[in-house]
Amino acid sequence: MTALLEVSGVSVSFDGFRAINNLSLTIAEPELRAVIGPNGAGKTTFMDIITGKTRPDSGRILWGEKSVSLIGMSESAIARIGIGRKFQRPTVFQTQTVRDNLAMALKGRRGPREVLFHRATADEAARINAISAEIGLADSLPRIAGELSHGQKQWLEIGMLLAQDPRLLLVDEPAAGMTPAERAHTTDILRRAARTRAVIVVEHDMDFVRRLDCRVTVLHEGAVLAEGSLDHVTRNRDVIDVYLGR
Amino acid sequence: MRRSLVATHPSVLWFLLALALVTLGVTGLAEAGLISTSFVKTLGKTLCLALVAVAMDVVWGYCGILSLGHLAFFGIGGYAIGMWLMYVRTEEIVAVSLAAEALPPTPQEIRDAIGTQIFGVVGSSDFPWIWSFADRAWLQFPMIVIVPGLLALVFGWLAFRSRVTGVYLSILTQAMTLALSLHLFQNDSGLRGNNGLSGLQNIPGLDGIGQDRISIWFFWASAAALAAGYVFFAWIVSGRMGSVIRAIRDDEARVRFLGYHVESYKLFVFTVTAMVAGLAGALYFPQAGIINPAEVAPIASVYLAVWVAIGGRGRLYGAVIGAVFVSLLSSWFTGGGAPSVSLGVYTIHWTEWWLVLLGLSFVAVTLFAPKGIGGLFDRIAPRPVADRQGDYGPDAGAWRREEGEP
Ligand SMILES: Nc1ncnc2c1ncn2[C@@H]1O[C@H](COP(=O)(O)OP(=O)(O)OP(=O)(O)O)[C@@H](O)[C@H]1O
Ligand SMILES: [Mg+2]
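None of the values given here were measured: they were computed from a predicted structure. (Residues numbered from 1 in each chain as written. Chains lettered and ligands numbered in written order. Predicted model: local features only at pLDDT ≥ 70, side-chain atom pairs only at ≥ 80, totals over all residues. Heavy atoms only, no water.)

Colleague: Just checking my understanding: could you explain the overall build of chain B for this structure?
Modeller: When you go through chain B residue by residue, the secondary structure sums to 15 helices and four strands. On C-alpha atoms alone, chain B measures out to a radius of gyration of 24 Å, which is about the 22 Å that the 2.2 N^0.38 rule sets for 406 residues. Along the first, second and third principal axes, the C-alpha atoms of chain B reach 100 × 55 × 55 Å. Counting every position in chain B, which comprises 406 residues, the buried fraction comes to 48%. Within chain B, contacts between residues separated by at least 24 positions form 76% of all contacts whose residues are at least 6 apart in sequence. For chain B, the exposed area adds up to about 18,800 Å²; of that, 67% sits on carbon and sulfur atoms. Charge-centre separation for chain B: the mean point of 25 positive side chains lies 10 Å from the mean point of 25 negative side chains. (Helix = DSSP H or I, 4+ residues; strand = E, 2+ residues; numbered from the N terminus. Rg over C-alpha atoms; globule rule 2.2 N^0.38 Å. Buried < 20%, exposed > 50% of the residue type's maximum accessible area, 1.4 Å probe, protein only. Contact = heavy atoms within 4.5 Å. Areas by Shrake-Rupley, 256 points an atom, 1.4 Å probe, with all protein chains shown as cover. Lys, Arg positive; Asp, Glu negative; His and termini not counted. Charge placed at Lys NZ, Arg CZ, Asp CG, Glu CD.)

Colleague: What am I meant to see in the overall build of chain A here?
Modeller: Secondary structure summary: chain A contains ten helices and ten strands in total. In terms of overall dimensions, chain A is globule-like: its C-alpha atoms have a radius of gyration of 18 Å, near the 18 Å expected for 246 residues. Counting only C-alpha atoms, chain A reaches 55 × 40 × 35 Å along its principal axes. Counting the 246 residues in chain A, one finds 55% classified as buried. For chain A, long-range pairs separated by at least 24 residues make up 67% of all intrachain contacts whose partners lie at least 6 apart in sequence.

Colleague: Is there a simple way to think about the packing of helix H13 (residues 316-334) of chain B against helix H14 (residues 350-368) of chain B in this case?
Modeller: Helix-helix packing: each pair is described by the crossing angle between the helix axes and the interaxial distance. Residues and elements named next belong to chain B. The N-to-C vectors of H13 and H14 enclose an angle of 150 degrees; their axes lie 8 Å apart at closest approach. Classified by the angle their axes make, H13 and H14 are roughly antiparallel. H14 is crossed by H13, and the crossing has right-handed handedness. Facing H13, whose interface residues are Val326, Leu329, Ser330, Phe333 and Thr334, H14 presents Trp350, Thr351, Trp354, Leu357 and Leu358. (Axes fitted to C-alpha atoms, helices over the stretch in contact; angles between N-to-C directions. Parallel < 35°, antiparallel > 145°, perpendicular 65-115°, else oblique. Left-handed = near helix turned anticlockwise from the far one by under 90°.)

Colleague: Hey, could you run me through the sheet that holds strand E5 (residues 68-69) of chain A in this one?
Modeller: Backbone-to-backbone hydrogen bonds pair the strands of a sheet. The strands run either parallel or antiparallel. All names here are of chain A. What the four strands build is an open sheet, ordered E2-E1-E4-E5; its pairing is antiparallel. With partners counted over all chains shown, the strands left at the sheet margins are strand E2 (17-29) and E5, one partner each. Summarising the sheet, strand E1 (residues 2-14) and strand E4 (residues 58-63) pair through five bridges and their orientation is antiparallel. Looking across to E4, one finds that glutamate 6 is bridged to leucine 62. (Pairing = 2+ DSSP bridges.)

Colleague: Is there a simple way to explain the site of ligand 1 in this structure?
Modeller: Residue and element names in this part refer to chain A. Around ligand 1, a shell composed of 13 residues is seen, among which Asn39, Lys43, Thr44, Thr45 and His204 lie nearest. Lysine 43 places a polar main-chain atom, nitrogen or oxygen, 2.8 Å from an oxygen atom of ligand 1. Ranked by residues supplied to the shell around ligand 1, first place goes to helix H1 (residues 43-50) with three residues. For the shell around ligand 1, a count of residues per class yields four nonpolar, seven polar and two charged. (Near = heavy atom within 4 Å. Polar contact = N/O pair within 3.5 Å; in protein donor to acceptor, adjacent residues only side chain to side chain. Nonpolar A, V, L, I, M, F, W, Y, C, P; charged D, E, K, R; others polar.)

Colleague: Any chance you could explain the sheet that holds strand E8 (residues 198-202) of chain A here in plain terms?
Modeller: All names here are of chain A. Strand order in this open sheet of six strands is E6-E7-E8-E3-E9-E10, and the pairing throughout is mixed. Each edge of the open sheet is held by one strand with a lone partner, namely strand E6 (83-86) and strand E10 (223-228). Ignoring which end each strand starts from, the neighbouring axes of this sheet average 20 degrees apart. Pairing of strand E3 (residues 31-36) with E8 involves five bridges; the strand directions are parallel. Bridged to alanine 34 within E8 is valine 201. Across the face of the sheet, H1 comes into contact with E3, E6, strand E7 (168-172), E8 and strand E9 (215-220) while running at roughly 150 degrees to E7.

Colleague: Just to check I follow, could you spell out a negative patch on the surface for this structure?
Modeller: Residues and elements named next belong to chain B. Among the surface-exposed residues, Glu101, Glu109, Asp112 and Asp126 lie close enough to one another that they form a single negatively charged patch. Along the polypeptide, glutamate 109 turns up in helix H5 (residues 107-119). By relative accessible area, glutamate 109 is classed as partly exposed at 45%. (Patch = residues over 30% accessible without salt bridge, like charges linked within 9 Å, V, L, I, M, F, W, Y side chains within 5 Å. Salt bridge = Lys/Arg side-chain N within 4 Å of Asp/Glu carboxyl O.)

Colleague: In this structure, what is going on with the pattern of salt bridges? I would like to understand it.
Modeller: When their charged atoms lie close together, side chains carrying opposite charge are able to pair. With the rule as written, the count across this model stands at 29 salt bridges over all chains. Where Arg254(B) meets Glu157(A), a salt bridge forms, and the shortest distance between an N and an O atom there is 3.3 Å. Here Glu157(A) lies in helix H6 (residues 150-164) and Arg254(B) lies in helix H10 (residues 239-257), a pairing that spans two chains. Residue classification places Glu157(A) among the buried positions, given a relative accessible area of 0%. When salt bridges with common partners are traced through the structure, they connect Glu75(A), Arg163(B), Glu252(B), Arg256(B), Glu263(B) and Lys266(B) into a single cluster.

Colleague: So what exactly am I meant to see when it comes to unusual backbone geometry here?
Modeller: Across the chain, the bulk of peptide bonds are trans and the bulk of non-glycine residues have phi less than zero. Residues and elements named next belong to chain A. The omega torsion of the bond from glutamate 29 to proline 30 falls at 0 degrees, within 30 degrees of zero and hence cis. You can see proline 30 is positioned in the loop between E2 and E3. Backbone geometry at serine 67 places phi at a positive 50 degrees, although glycine is not the residue there. With respect to the secondary-structure elements, serine 67 resides in the loop between E4 and E5.

Colleague: Whenever I open this one, the side chain of Thr46(B) confuses me. Can you help?
Modeller: You can see Thr46(B) is positioned in helix H3 (residues 37-62). Apart from the residues within four sequence positions on either side, Thr46(B) is in contact with Val324(B), Ser327(B) and Leu328(B).

Colleague: Even after reading the chapter, I still don't get the packing of aromatic side chains, so can you show me in this structure?
Modeller: Aromatic ring pairs are reported here in terms of the distance separating the ring centres and the angle at which the planes meet. Taken as a whole, this structure holds 22 aromatic pairs over all chains when the rule is applied. Geometrically, the ring pair formed by Trp84(B) and Phe141(B) is edge-to-face, given 4.9 Å between the ring centres and 85 degrees between the ring planes. Of this pair, Trp84(B) sits in helix H4 (residues 70-99) while Phe141(B) sits in the loop between helix H6 (137-140) and helix H7 (143-161), placing them 57 residues apart in sequence. Among the residues examined, Phe141(B) registers a relative accessible area of 35% and is labelled partly exposed. Here the aromatic rings of Phe127(B) and Trp131(B) are separated by 6.0 Å at their centres, their planes lie at 55 degrees, and the arrangement is tilted. When its relative accessible area of 18% is taken as the criterion, Phe127(B) is described as buried. Here Trp131(B) falls in the buried class, since its relative accessible area comes to 0%. Aromatic ring contacts, followed pair by pair, group Phe117(A), Phe232(B), Phe233(B) and Trp235(B) into a single cluster. In this structure, Arg110(A) packs its charged tip against the face of Tyr260(B), placed 4.5 Å from the ring centre. (Phe/Tyr/Trp six-rings, centres within 6.5 Å; stacked < 30°, edge-to-face > 60°. Lys NZ or Arg CZ within 6 Å of the ring centre and 35° of its normal.)

The structure is reproduced here in structure tokens:
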């Protein structure tokens, strides 16, 4: 296990409000990591910073074997080096089919010229079929994504994440609004993905996190409050005070 | 693997068929003398407007960039061809008049005489540098697409790079258009100020041939350009490129997180459509006979957006329908074709009231039929509605929408 992503001493303020406060976190490859914390703890902002959406005021973010700094890179460049993201509210392209959504996410050349002259290959079709089977949308490939239910959109977005074949997956509240059975399925997908990749999952639902059965980081007011196994952090006095005890 | 364009987009075939029928019909009617030469020209010009509308639809309806400057690119294309037409035509005239002189004229004398002829109206006789290529077709013709393309590339690069979007971008494109037309209005712009370029209907080398013939040729050329442009854009907006472009329209931030460099894609679409607009202009203005800076005024580009909105954006044939329908109706109303309506106390003269009617129709379409006229085709082949607002999960027991609200 080597460190894939190393976040150290990162801070960011919005109009004087410190959303992320001297945050440090390291993730290896492969690894599954759950990030929990109360509303407004900065979990989504943390993902925004890694993916280049928000620029930190200070700190370092290093990526990969060569320790490339991600700060200052564009969102698309960060995505291309292997960081994929699922948003808190499912954001799929509602006017396009499930197949087109997945096809757009498929790993491949991203330049306008390659895309313009791109021809779908049997290999790609096979990958799309495999992913759609994994996310339970095999029968829905020709459907318009906007017709899908909320839970199906969540899965489609997870499918798009898998299609990108990233080294690091950032997954923001994947199970929101799902039935227990759907949640179990989602856990399986994430755990399978984490066999070969680094996966960071933000989730509020404790049962969900327990089923992930992985190392847990608790965020509070933009900083790491505790880190360790779920049992370890749930016994932590501070964690009980700010999060569990409420 | 990939099915042909026509198989995946049957509307392309229908469109080409309809266009071919119209072309044949108009040719027949013109040959039989049933429609006038000027009406053939109007129809030919309308096809050019349809082509620029298709380009507008790609940039706005598909890529979500509400450019209010594409008719400026159209005008630049017109100026580019106009310079050549005017130069060569004047050269012919000057050659004839100088041939009567005792001494044969030197090349410099000929050039000076042409300059005096062309720029006399703005009190000058020197050729500005932008006319450097005007005497050679093989150099000047590429300018029809190169100049609009370069302008779009530079403007787009500056605007997209700074992530200017939405209404701010539209305002910027209007500012560009305004600057261009103000520049052209000046006498020292080198393009004859508000006189513009005229006599463009006279095609060099075709002296013995009447306008009735030439008008039909231009009509065919316009139809061919529209057909080619339509197929070209249908190809661009289909396939993976089309997917990415529409995705950018719907949620450009999300597209970035998929690893696509959104700015490059926008720049590609903006530039390519500008080049096609230039081409459409180069076919339009010889049929109009004259181009002046009023043609590139900001309002013209706004009309273009109105046509596309009325026709139905996000579908190429919608743009064509909008441009054809509105521009023909407009020339009927403003050309005095529509009878005045007497209300007793007040008489509605359509030449004055047409714009009001157009404005009201635009508002009505926006409010009551956002899909435009093209939306009527959905009654024949319904498109699925892409917005589900019901329950969250797929199964029984999944959350209801109300439960999920934060
Ligand atoms: N762009 C922004 N501008 C101003 N404030 C912001 C911005 N983004 C986030 N914040 C603030 O930063 C804090 C952290 O927000 P964030 O969305 O990261 O929380 P979270 O842990 O994801 O919460 P939740 O569990 O509700 O999703 C919040 O107080 C939020 O209001
Ligand atoms: Mg959040």
